[in-house]
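Chain residues, written in single-letter form:
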Amino acid sequence: QVQLVESGGGLVQAGGSLRLSCAASGRTFSTYIMAWFRQAPGKEREFVAAISWSGGNTGYADAVKGRFTITRDNAKNTAYLQMNSLKPEDTAVYYCSADRRWSGSWMSPGKYDYWGQGTQVTVSS
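Caption draft 1: Looking closely at the sheet that holds strand β3 (residues 18-24). Spatial ordering of the open sheet is given by β1-β3-β8-β7, a layout of four strands whose pairing is antiparallel. Edge positions in the open sheet fall to β1 (4-7) and β7 (68-73), since each of these has one partner strand only. Between one strand axis and the next, the sheet turns through 15° on average, direction left out of account. Of the pairings in the sheet, the one linking β3 to strand β8 (residues 78-83) comprises six bridges and is antiparallel in character. When the sheet's bridge partners are listed, Ser 21 is paired in β8 with Tyr 80.

What follows is the structure, encoded as structure tokens:
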């Protein structure tokens, strides 16, 4: 089992940057696929990005491709989401998630067994 804690959210102007962190408990962080999702008010939770166990494979939603970068540091048990060129439509609560299985769609929230509490990102125009 793993516990996830997000940090790094806040208020930023359009065009600005933020880096989110997801700190995981336990000694098996490197065995989890990590992902970021977001949920805006009145909308469903949507996939943002995911990264494989070693970091060699990544995937992104079309809406963030080229602006966001997901990375991980297995020695620090932490995953990151670097967000650049932020837009007002990026405003949402951002959630970190984890799953051990390679199978299943990385874009599906149902694949992930573990979730953090979320961190608010607000982008002003």
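Caption draft 2: The arrangement of the packing of aromatic side chains in detail. Inspection of the entire model under this criterion finds seven aromatic pairs. Site record: aromatic cluster; members linked through ring pairs are Phe 37, Phe 47, Tyr 112 and Trp 115. The ring of Tyr 95 carries the charged tip of Arg 45 above its face, separated from the ring centre by 3.8 Å. The cationic tip of Arg 45 hangs over the ring face of Trp 115; the distance from NZ or CZ to the ring centre is 4.8 Å.

Criteria and thresholds
Residues numbered from 1 in each chain as written. Predicted model: local features only at pLDDT ≥ 70, side-chain atom pairs only at ≥ 80, totals over all residues. Heavy atoms only, no water. Pairing = 2+ DSSP bridges. Helix = DSSP H or I, 4+ residues; strand = E, 2+ residues; numbered from the N terminus. Axes fitted to C-alpha atoms, helices over the stretch in contact; angles between N-to-C directions. Phe/Tyr/Trp six-rings, centres within 6.5 Å; stacked < 30°, edge-to-face > 60°. Lys NZ or Arg CZ within 6 Å of the ring centre and 35° of its normal.

Scope: geometric values only; no functional claims are made or implied.
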